[in-house]
Amino acid sequence: QVQLVESGGGLVQAGGSLRLSCAASGRTFSGYWMGWFRQAPGKEREFVATISWSSITSYTDSVKGRFTISRDNAKNTVLLQMNSLKPEDTAVYYCAAAFGFGLSGPDKTGDYRYWGQGTQVTVSS
């Protein structure tokens, strides 16, 4: 079992920055892909970014060049640095863990076994 707890959400003006953090506990962090997803009101949960144990990364097109995912395996922590935020980035952001995908970055909600409770990000125009 893996427990995930997100933090770092909040309210920011367009063009601003936020850094989300996800702390993992429970069974070993080793080998897991760690991803970030988001869900806006009335919309389906969507993939944002993912990172492998060896720091291979993948991003959805809409955040490339603005968001950076990173991880500290010693601290069992995953970060999402979000810059140049836009109102359309407003959503609840979820951290998730997937296992068994080798070098292929999982980008579907069904690929991830464990989920955090989410943290709200609101970008005002």
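About the criteria used
Residues numbered from 1 in each chain as written. Predicted model: local features only at pLDDT ≥ 70, side-chain atom pairs only at ≥ 80, totals over all residues. Heavy atoms only, no water. Salt bridge = Lys/Arg side-chain N within 4 Å of Asp/Glu carboxyl O. Helix = DSSP H or I, 4+ residues; strand = E, 2+ residues; numbered from the N terminus. Buried < 20%, exposed > 50% of the residue type's maximum accessible area, 1.4 Å probe, protein only. Phe/Tyr/Trp six-rings, centres within 6.5 Å; stacked < 30°, edge-to-face > 60°. Pairing = 2+ DSSP bridges. Axes fitted to C-alpha atoms, helices over the stretch in contact; angles between N-to-C directions.

A.B. asks: I would appreciate a short explanation of the pattern of salt bridges in the present structure.
C.D. replies: Pairs can form between side chains of opposite charge whenever their charged atoms are close. Within this structure, the stated rule accounts for 5 salt bridges. Note that arginine 38 is salt-bridged to aspartate 89, the shortest N-O span being 2.9 Å. Taken as a pair, arginine 38 in strand β4 (residues 32–39) and aspartate 89 in the loop between β8 (77–82) and β9 (91–99) lie far apart in primary sequence, 51 residues in all. The pair arginine 38 / aspartate 89 is uniform in exposure class, with both members buried. Through salt bridges with shared partners, a single ionic network connects Arg38, Glu46, Arg66 and Asp89.

A.B. asks: How should the packing of aromatic side chains be read in this particular structure?
C.D. replies: The geometry of an aromatic ring pair is captured by two quantities: the separation of the ring centres and the angle between the planes. Throughout the structure, instances matching the rule amount to 7 aromatic pairs. Between phenylalanine 37 and phenylalanine 47, the ring centres sit 5.7 Å apart and the planes meet at 75 degrees, which makes this aromatic pair edge-to-face. In this pair, phenylalanine 37 sits in strand β4 while phenylalanine 47 sits in strand β5 (residues 46–51), placing the two residues 10 residues apart along the sequence. Note on accessibility: phenylalanine 37 and phenylalanine 47 belong to one class, buried.

A.B. asks: Would you mind showing me how to read the sheet that holds strand β3 (residues 18–26) here?
C.D. replies: Hydrogen bonding along the main chain pairs the strands of a sheet, whether they run parallel or antiparallel. Reading across the sheet, the 4 strands line up as β1-β3-β8-β7 and stay open at both edges, with antiparallel pairing between neighbours. A strand with exactly one partner marks an edge of an open sheet, and here the two such strands are β1 (2–7) and β7 (67–72). Averaged over all adjacent pairs, the angle separating strand axes in this sheet is 15 degrees, with direction ignored. Pairing of β7 with β8 involves 6 bridges; the strand directions are antiparallel. Residue pairing in the sheet places phenylalanine 67 in a bridge with methionine 82 of β8.

A.B. asks: In this structure, what is going on with the pairing of β5? I would like to understand it.
C.D. replies: Of all the 6 residues making up β5, 5 are buried; the element is thus mostly covered by neighbouring parts of the structure. Taken together, the 5 bridges between β4 and β5 define a ladder with antiparallel strand orientation. Directly across from tryptophan 36, in β5, lies its bridge partner alanine 49. The hairpin turn running from β5 into strand β6 (residues 57–59), its antiparallel successor, is 5 residues long, and serine 55 in that turn takes a positive phi close to 70 degrees.

A.B. asks: It is not clear to me how the pairing of β3 should be interpreted in this structure. Could you clarify?
C.D. replies: The side chains of a regular strand alternate between the sheet's two faces. Sheet topology places β1 next to β3; 6 bridges connect them, and they run antiparallel. Note that in β3 the partner of leucine 4 across the bridge is alanine 24. Pairing geometry for β3 and β8, over 6 bridges, is antiparallel. The residue of β8 that forms the bridge with arginine 19 is glutamine 81.

Purely geometric stuff here, so don't read any function into it on its own.
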